[in-house]
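Chains, contacts and geometry: an overview
Letter by letter, the chains look like this.
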Amino acid sequence: MAGAKMFGESIEVTAAERIKQSTKPQLNWWRALVEGVWQSKGLIILLTGLAGFLVFRENYIGALLAVGAILVWLIFVVCLSTPAVYYNKLHQAVDWCRWDEVLDLVQKLETNRKINFIKVPEVELARNRAKALAGLGRLEEALAGYQKYEGQPGCPGWLHKAFVAGIYDTAKQYDKAIEYNLMSLQEKENPTMYPDLA
């Protein structure tokens with residue numbers, strides 16, 4: 001991943017790190033909880049020790065507060081994982097053309113955007129909604145809903161055209177999909193577009 005930056009610092013990802021990440025199992029609620037416990041083991045051990053000490057000192061209210069703090073922390077960790085869990089499920093539903101499930105997950109992620117500071121970009125949710133609508137035979141509604149994102153941050157014109165091609169492809173209008181792929185390529189030469197033309 002050459003040239004990538006985060007917080008102004010260059011990021012170097014090795015091939016071994018890519019393989020390790022790609023073979024990780026999908027995130028789900030249980031895995032989010034287990035990883036949360038593992039990543040917070042120091043805090044959990046400290047609070048458990050404090051609770052044990054408080055029970056020994058017969059301060060049961062303090063012990064309950066320490067145990068409650070552990071539970072609140074774990075709930076917080078799982079809540080932070082909510083967008084990732086739903087986003088993984090969304091990708092699986094799109095891959096398997098389960099369009100009603102896609103619409104349901106997009107709705108859940110939109111609701112989650114209101115309460116969680118970790119957000120899936122709105123344009124990404126709109127694209128998945130449009131694909132689902134096209135898959136359900138509601139192509140005009142899909143195109144109309146996605147049109148407003150052209151030129152928005154994270155969706156330049158060439159990328160918007162490529163995604164519209166994917167919407168047409170989902171609706172099985174392959175000639176229009178090829179037409180939009182070619183328009184996208186004319187706007188910006190992007191080698192990742194060529195497999196879509198094959």
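Residues numbered from 1 in each chain as written. Predicted model: local features only at pLDDT ≥ 70, side-chain atom pairs only at ≥ 80, totals over all residues. Heavy atoms only, no water.

Comments concerning the overall build of the chain
Selection criterion: Put simply, DSSP marks the helices as runs of H or I at least four residues long and the strands as runs of E at least two long, and each gets a number from the N terminus on. In this description the radius of gyration comes from C-alpha coordinates, and the expected globular size is given by 2.2 Å times residues to the power 0.38. Burial classes: relative accessible area under 20% of the type maximum marks a residue as buried, over 50% as exposed, and values in between as partly exposed (1.4 Å probe, protein chains only). Only heavy atoms enter the contact rule, under which two residues are in contact if any of them lie within 4.5 Å. What sets the accessible areas is the Shrake-Rupley method with a 1.4 Å probe; for residues, cover comes only from the shown protein chains.
The helix and strand tally for the chain stands at 10 helices and two strands. Scanning the chain from its N terminus toward the C terminus, one meets helices and strands in the order β-β-α-α-α-α-α-α-α-α-α-α. A globule of 198 residues ought to have a C-alpha radius of gyration of about 16 Å, yet the chain, at 23 Å, is considerably larger. Across its three principal directions, the C-alpha atoms of the chain cover 75 × 40 × 30 Å. A total of 198 residues make up the chain; the buried ones form 34% of that total. Across the chain, every contact between residues at least 6 apart in sequence was considered, and the portion connecting residues at least 24 apart equals 45%. Total accessible area on the chain stands at roughly 13000 Å², and carbon and sulfur atoms take up 62% of it.

Side note on unusual backbone geometry
The phi torsion at cysteine 97 lies on the positive side, around 55°, for a residue other than glycine. On the secondary structure map, cysteine 97 appears in the loop between α4 (60–95) and α5 (99–115). Taking relative accessible area as the criterion, cysteine 97 reaches 46% and is therefore assigned partly exposed. With a phi close to 65°, lysine 172 is a non-glycine residue in the positive phi region.

What to know about the packing of aromatic side chains
Using the following cut-off: The rule is short: rings of Phe, Tyr and Trp, with Trp giving its six-membered ring, pair when the centres are within 6.5 Å, and they are stacked under 30 degrees, edge-to-face over 60, tilted in between. For a ring to carry a charge above it, either NZ of a lysine or CZ of an arginine must fall within 6 Å of the ring centroid while also lying within 35 degrees of the normal to the ring plane.
Under the criterion given, the structure shown has four aromatic pairs. Ring geometry for tryptophan 29 against tyrosine 86: centres 5.7 Å apart, planes inclined by 90°, an arrangement best described as edge-to-face. Here the residue tryptophan 29 occupies a position in helix α2 (residues 29–39), and tyrosine 86 occupies one in helix α4, the gap between them amounting to 57 residues. Residue tryptophan 29 is classed as partly exposed on the basis of its relative accessible area of 32%. What makes tyrosine 86 buried here is its relative accessible area of 16%. Its guanidinium or amino end placed over the ring of tryptophan 38, lysine 41 lies 3.8 Å from that ring's centre, counting from NZ or CZ. Between arginine 127 and the ring centre of phenylalanine 163, over which it is positioned, the NZ or CZ distance is 4.4 Å.

With respect to the environment of isoleucine 70
For isoleucine 70, the position within the fold is in helix α4. With relative accessibility at 12%, the residue isoleucine 70 sits in the buried group. It is 22 Å that separates the C-alpha atoms of isoleucine 70 and isoleucine 115, two residues lying 45 residues apart in sequence. Among residues more than four places away in sequence, those in contact with isoleucine 70 are Ile44, Leu47 and Thr48.

Observations regarding the pattern of salt bridges
Filter applied, for reference: By salt bridge we mean one thing: a side-chain nitrogen of Lys or Arg within 4 Å of a carboxyl oxygen of Asp or Glu.
Taken as a whole and judged by the stated rule, the model has nine salt bridges. Measuring nitrogen to oxygen at the nearest pair gives 2.9 Å for the salt bridge that ties arginine 138 to glutamate 141. A relative accessible area of 36% means that arginine 138 is categorised as partly exposed. Of the charged contacts in the structure, one is a salt bridge between glutamate 179 and lysine 176, with a shortest N-O distance of 3.9 Å. Of this pair, glutamate 179 and lysine 176 both sit in helix α9 (residues 174–187), three residues apart, which is roughly one turn of that helix. One network of salt bridges, in which partners are shared, links Glu150, Lys161 and Glu187.

Describing the side chain of lysine 161
With respect to the helices and strands, the residue lysine 161 is situated in helix α8 (residues 157–170). For lysine 161, the contacting residues outside a window of four places in its chain are Glu150, Tyr180, Met183, Ser184 and Glu187.

Note that every value here comes from positions in space, so none of it alone points to a role or purpose.
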